[in-house]
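# Descriptive structure summary
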Amino acid sequence: MIRRDQDRWLGWTRPICLADDIGMLLTREADVFESFRPRLEAIAYRLLGSASDAEDAVQETYLRWQAADREYVRTPEAWLTKVLTNLCLNQLGTARARRETYVGQWLPEPVLAGDSMLGPADTVEQRESVSIAMLTLMERLTAKERVVYVLREAFGYPHHEIAELIDITEANCQQVYRRAKQHLSMERARIEVDEAAARRIVREFLAAAASGQTEALVALLTDDASIIGDGGGFLATLSRPLVGAPRIARFVCLAIKPSNGTWNKLGGKPEMFAAIANGMPALVLVSDDRVVGIVVLQVTVDGIAAVHAHVNPDKLAYANRQWATRAPGAPLPEL
C-alpha cells in the first residue's frame, strides 16, 4: 500500500510506502525510550538489588511501550516510570519468596563504577542509595516502602507524583516514606572514595590479611564490623554473617592462605585488581579473564564496617560484561 507525497525540492511526485512511515515512527519511539533507559535501569536496580533483574524489567517496559496506544501517553517519562515501578513491585513479591529458599546468604549484585545502572551520584543520598550496605538494608522494607524511598531519596520525585505512580494518596506516601527512613537509618557516615583511595584501601586490607597477623587487620575494621559471603550454593561460604573485628580478622587471615584451598575453589589463584563497586573500594578476583569474585569493603569514618564477598557466578554475570569492556590496569602485587 502506498501514498503520494510531493517532493518540494525536485518538484516531482514519488510513491512512499506506508511501511517506511511506520518504520520511521517505530525508530522515533525507540529513540524516545532509549533516552530514558539509563534512568529506568538505575531505578530498577535500586528497587530489585539485581542488575540482571533490572535489565529484564526495563526490557519488559520497552515491550509494553512498543505496544502502547500513544494517544493515551501524555508524558512518556511518567508513563514509563509507572509501568516499570509496577513491574518491580510485582517482582519484589516473588523475589522475596525466592530468597527464602536461597542457598546461603543473599547479597545484592555488585556493579562496577562508571555504569549508568548506578544512576545519579550528585548527592550523598543518591550515592548512599546504591551502596551494597544500603541495598541490603532495603531488603527489610516492604515493596511499597522501597519504591517510595528510592523514588524520593535517590531521584527526587515529589510525593504527589510518587503517589500517582503507585496509586496511593499523597498523605499515605509521606507516611510510607517516614517509615522507610526509620528502618534505614545508618549509624555511621560512609566516606567518599576515588580510584587512588580505593586502590590504597584494598592494598592495605590485602596486606594485613596476608601478613597472618590478625592485629593488623583488626586495626582496619570497626569493632562491630561484619562479613557476609554470597556463594548461592555454587561455592560454600559463611552460613551466617560473622560479627566482630577479631572474628573477621581470624577468618580472613585463614581463608586467604594458599594452603587453605580457597583459591582452588575459584579455579586457581586469581589475579587481583582494585576497583570501585557501588561507590566503595572493591577487590576484584579474575581468573582466565573472568571475574570469579568481588569483595566490597564498606568504608566509614571509623574504618571498614562491612566486608561483602560475592562469589555466586550467576550474580557476577553483569560484572563480567562490564569487565570485558574496560581496561582494568595492572593487577595488585601478588601476596
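These numbers were taken from a predicted model, which means no experiment stands behind them.

Scoring rules and cut-offs
Along each chain, the written sequence defines residue order, and numbers are assigned to residues from 1. Owing to the predicted nature of the model, reporting of local features is limited to residues with pLDDT of at least 70; listing and counting of side-chain atom pairs is limited to 80 or more, with chain, interface and lining totals taken over all residues. In computing side-chain values, all of the structure's heavy atoms are included and hydrogens and water are not. Each helix corresponds to a stretch of at least 4 residues labelled H or I by DSSP, and each strand to a stretch of at least 2 residues labelled E; elements are numbered beginning at the N terminus. Buried residues are those whose accessible area, probed at 1.4 Å on protein chains only, stays under 20% of the maximum for their type, while exposed residues exceed 50% and partly exposed ones sit between those limits. The contact definition used throughout considers only heavy atoms, calling two residues in contact when any of these lie within 4.5 Å. A pairing counts as a salt bridge when a side-chain nitrogen of Lys or Arg comes within 4 Å of a carboxyl oxygen of Asp or Glu. For helices, the fitted line uses only the C-alpha atoms of the stretch in contact; every axis is such a line through C-alpha atoms, and the angle between N-to-C directions lies from 0 to 180 degrees. For this classification, under 35 degrees means roughly parallel, over 145 means roughly antiparallel, 65 to 115 means roughly perpendicular, and everything else is oblique. Any residue outside Ala, Val, Leu, Ile, Met, Phe, Trp, Tyr, Cys, Pro, Asp, Glu, Lys and Arg is labelled polar, Gly included; the first ten of those are nonpolar and the last four are charged. Two strands qualify as a pair provided DSSP detects at least 2 bridges between them. A score between 0 and 100, pLDDT records how confident the predictor is in each residue. Any pair of Phe, Tyr and Trp rings, taking the six-membered ring for Trp, is counted once the centres come within 6.5 Å. Such a pair is stacked with planes under 30 degrees apart, edge-to-face with planes over 60 apart, and tilted for the rest. Remark: a charge is flagged as sitting over a ring if the NZ atom of Lys or the CZ atom of Arg is within 6 Å of the ring centre and within 35 degrees of the ring normal. Here, nonpolar core refers to any group of buried Ala, Val, Leu, Ile, Met, Phe, Trp, Tyr and Cys residues whose side-chain atoms link them within 4.5 Å. Each domain's extent was defined by an automatic or database domain assignment.

This part is about the overall build of the protein chain. The helix and strand inventory of the protein chain stands at 13 helices and eight strands. Burial analysis of the protein chain (335 residues in total) assigns 48% to the buried set. Intrachain contacts of the protein chain at a sequence separation of at least 6 include 65% that bridge at least 24 residues.

Time to look at the pattern of salt bridges. Here the structure, examined in full by the defined rule, presents eleven salt bridges. Note that Glu-34 is salt-bridged to Arg-37, the shortest N-O span being 2.9 Å. With a gap of three residues between them, Glu-34 and Arg-37 both fall in helix α1 (residues 18-48), about one helical turn apart. According to the relative accessible area criterion, Arg-37 is buried, its value standing at 19%. We note a salt bridge from Arg-200 to Glu-204, for which the minimum N-O separation is 3.5 Å. In this pair, Arg-200 and Glu-204 are both assigned in helix α9 (residues 195-211), four residues apart and thus about one turn of the helix distant. The class of Glu-204 is partly exposed, set by a relative accessible area of 36%.

Now for the packing of helix α6 (residues 143-154) against helix α8 (residues 170-183). α8 packs onto α6 with a crossing angle of 90° between their chain directions and a minimal axis gap of 8 Å. Put simply, α6 runs roughly perpendicular to α8. Counting all contacts with α6, which are made through Lys-144, Glu-145, Val-148, Tyr-149, Arg-152 and Glu-153, the residues of α8 involved are Cys-173, Val-176, Tyr-177, Arg-179, Ala-180, Lys-181 and His-183. When its residues are assigned to classes, the contact of α6 with α8 shows six nonpolar, one polar and six charged.

The next point concerns the sheet that holds strand β8 (residues 303-310). Reading across the sheet, the six strands line up as β4-β3-β8-β7-β6-β5 and stay open at both edges, with mixed pairing between neighbours. Single-partner strands in this sheet number two, and they are β4 (242-243) and β5 (271-277). In terms of strand pairing, strand β6 (residues 280-287) meets strand β7 (residues 290-300) through six bridges, oriented antiparallel. Opposite Val-286, over in β7, you have Val-291 as the bridge partner. Lying over the sheet, α9 contacts β5, β6, β7 and β8, oriented at roughly 135° with respect to β5. With respect to the sheet, helix α11 (residues 245-255) is in contact with β3 (221-230) and β4, its orientation differing from that of β3 by roughly 45°.

We now examine the environment of Val-292. Its location among the elements puts Val-292 in strand β7. Given a relative accessible area of 6%, Val-292 falls into the buried group. Residues Val-292 and Ala-319 lie 27 residues apart in sequence; the distance between their C-alpha atoms is 9.8 Å. If we ignore the near neighbours within four places in the chain, the residues touching Val-292 are Leu-266, Pro-270, Leu-285, Val-286, Ser-287, His-310, Val-311 and Leu-316.

With that out of the way, let us pick up the confidence of the model for the protein chain. Confidence along the protein chain averages 87 in pLDDT terms, with 90% of residues attaining 70 or more. Note on residues 1-16: pLDDT under 50 across the span, and 23 contacts to partners over four residues away in sequence or across chains.

As enumerated under the stated definition, the model contains four aromatic pairs in all. Here the aromatic rings of Phe-273 and Trp-323 are separated by 5.2 Å at their centres, their planes lie at 70°, and the arrangement is edge-to-face. Residue Phe-273 is located in strand β5, and its partner Trp-323 is located in helix α13 (residues 317-324); the two are separated by 50 residues in the primary sequence. Like Phe-273, the residue Trp-323 is buried in the burial classification. Above the ring of Trp-65, the side-chain terminus of Arg-70 is found at 4.1 Å from the ring centroid.

To continue, consider the nonpolar core. Leu-217, Leu-283, Val-284, Ile-294 and Leu-297 are the most contacted members of the largest nonpolar core, which has 54 residues in total. Among the secondary structure elements, those contributing two or more residues to this core are α9, β3, α11, β5, β6, β7, β8 and α13. With eight residues, α9 is the single largest residue contributor to this core. Split by domain, the residues of this core number at least three in each of domain 1 (18-184) and domain 2 (195-325). Residues in contact with Leu-297, not counting those within four places in the same chain, are Ile-201, Val-202, Phe-205, Met-280, Pro-281, Ile-304, Ala-306 and Val-307. Core analysis: the next-biggest nonpolar cluster, separate from the first, contains 48 residues, Val-73, Val-130, Leu-137 and Ile-162 among them.

One can describe the packing of helix α7 (residues 159-166) onto α8 by two numbers: an axis separation of 8 Å at closest approach and a directional angle of 100°. In terms of axis orientation, α7 runs roughly perpendicular to α8. Seen from α7, the contacting residues are His-159, His-160, Ile-162 and Ala-163; seen from α8, they are Glu-170, Cys-173, Gln-174 and Tyr-177. Taken together, the residues that form the contact of α7 with α8 break down as four nonpolar, three polar and one charged.

Burial analysis of β3 places eight of its ten residues in the buried class, the great majority of the element. Note that β3 and β4 share two bridges and pair antiparallel. Across the sheet, Ser-226 pairs through a bridge with Val-243, a residue of β4.

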